[in-house]
Protein chains: 2
Amino acid sequence: MIRTTPRDVFAALQAHGHKLTQPRRLVIETLVDQSRAMTANDLHQVLAERGVSLASIYRTLELMSELHLAEPVHQSGDEARYIACRPEHHHHIICTGCWRVADVDSCLLEPVANAIHEQSHFDVESHILEFYGRCAACRR
Amino acid sequence: MIRTTPRDVFAALQAHGHKLTQPRRLVIETLVDQSRAMTANDLHQVLAERGVSLASIYRTLELMSELHLAEPVHQSGDEARYIACRPEHHHHIICTGCWRVADVDSCLLEPVANAIHEQSHFDVESHILEFYGRCAACRR
DNA sequence: CTGGTTGCAAAATTTTTGCACACTC
DNA sequence: GAGTGTGCAAAAATTTTGCAACCAG
């Protein structure tokens, strides 16, 4: 399973000229450590007592997204949820009970994209593939 | 290509005891005819002059979703976009230029779900798979 | 030091809802 | 006629932004 680490994220941020502030550090550490898809509010509940504002959480999540250090979950209800992950192309299996995430390494869809092109004359530029289910714990 | 029709949608609504009002009829006809992923505002721009309120548009889209007569697009930006489609399991290829939609009939993912189960011990209950690209027209 | 980053509060956006009236069946 | 559905306007909820103060490099 290809997980990321806070160190990887810090390094990537700094490589792009961003500063490593306390609020950022805390958001990143929390999101990575939980390996769950979290909302801004989830993070704020954990980090408010340490003085991290909701605005900084939103700003950090957006920054991580831009640098492909986090990805939004597409079936997330009203609030956006984010997963800390590595920039390489891969997919997730996400528990809709606890929002814990596992990686799906292989991407079997390149041949499908070609088939679609022949059928529909669309150039396929990207795709979303996410699996939802129940992890062993939530299944009880 | 498996498209739906306004008639199909009307029939399904009535089969579930819902009335066929003028605002509903117009929303459904517009969404089906365009075969594009549309936002509530897109629909309102077309239908406001015919007296259809934004509230009714939202309510109709939600009703269609519940009955699996429409599906939300998961990579849609700030506003939710909906596609009128048939209830059967299938996938879409969506143009990010004009939001026109084509269907992808085959679903190749059942075997993948089993592989995931063995890897991660998640029960896979559902998945999102959407392709994004450029249709021939938007490619210019 | 210097400019990026933060927290706060206000604003912006999208979506939902209460209610009186209207329309479908 | 009964009860669902509508429009309007206000409310809710999430996310974004302006600005003065602050901190990392």
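Residues numbered from 1 in each chain as written. Chains lettered and ligands numbered in written order. Predicted model: local features only at pLDDT ≥ 70, side-chain atom pairs only at ≥ 80, totals over all residues. Heavy atoms only, no water.

1. Brief notes about the protein's contact with DNA strand D
Inference 1: Neighbouring DNA strand D are 20 residues; Tyr58 of chain A together with Lys19, Gly51, Ser53 and Ser56 of chain B lie closest to it.
Inference 2: When atoms of DNA strand D within 4 Å of the protein are sorted by moiety, sugar and phosphate together comprise 69%.
Inference 3: Separating a phosphate oxygen of DNA strand D from a side-chain N or O atom of Gln14 of chain A is a distance of 3.3 Å.
Inference 4: One nitrogen or oxygen atom from the side chain of Ser56 of chain B is found 2.3 Å from a phosphate oxygen belonging to DNA strand D.
Inference 5: Every element with two or more residues in the surface near DNA strand D is listed here: helix 4 (54-66) of chain A together with helix 2 (22-34) and helix 4 (54-66) of chain B. (Near = heavy atom within 4 Å. Polar contact = N/O pair within 3.5 Å; in protein donor to acceptor, adjacent residues only side chain to side chain. Helix = DSSP H or I, 4+ residues; strand = E, 2+ residues; numbered from the N terminus.)

2. Focus on the protein's contact with DNA strand C
Inference 1: Within the structure, DNA strand C sits among 20 residues, and Arg24, Gly51, Ser53 and Ser56 of chain A together with Tyr58 of chain B are positioned closest to it.
Inference 2: Considering DNA strand C, the proportion of its atoms within 4 Å of the protein that are sugar or phosphate atoms stands at 67%.
Inference 3: In the model, a phosphate oxygen of DNA strand C is placed 3.1 Å from a nitrogen or oxygen of the Leu20 of chain B main chain.
Inference 4: Taken together, the elements giving at least two residues each to the surface near DNA strand C come down to helix 2 (22-34) and helix 4 of chain A together with helix 4 of chain B.
Inference 5: In terms of residue class, the surface near DNA strand C is made up of 7 nonpolar, 6 polar and 7 charged. (Nonpolar A, V, L, I, M, F, W, Y, C, P; charged D, E, K, R; others polar.)

3. Looking at the layout of surface pockets
Inference 1: If you add up the space inside the largest pocket, you get close to 1,400 Å³.
Inference 2: Together, 45 residues line the largest pocket, and His74 and Gln75 of chain A together with Pro72, Val73 and His74 of chain B are the ones closest to its centre.
Inference 3: Broken down by element, the lining of the largest pocket gets its largest block of residues, 7 residues, from strand 6 (residues 123-134) of chain B.
Inference 4: Grouping the constituent residues of the lining of the largest pocket by class yields 16 nonpolar, 16 polar and 13 charged.
Inference 5: Forming the boundary of the second largest pocket are 23 residues, of which Glu71, His89, His90, His127 and Ile128 of chain A lie nearest the centre.
Inference 6: Every element with two or more residues in the lining of the second largest pocket is listed here: strand 2 (70-72), strand 4 (91-95), helix 5 (110-120) and strand 6 (123-134) of chain A. (1 Å grid on protein atoms, 1.4 Å probe; cavity = no way out; pocket = protein on both sides within 12 Å on 5 of 7 lines; lining within 4 Å. Points joined across faces, edges and corners; volume = space filled by probe spheres on them.)

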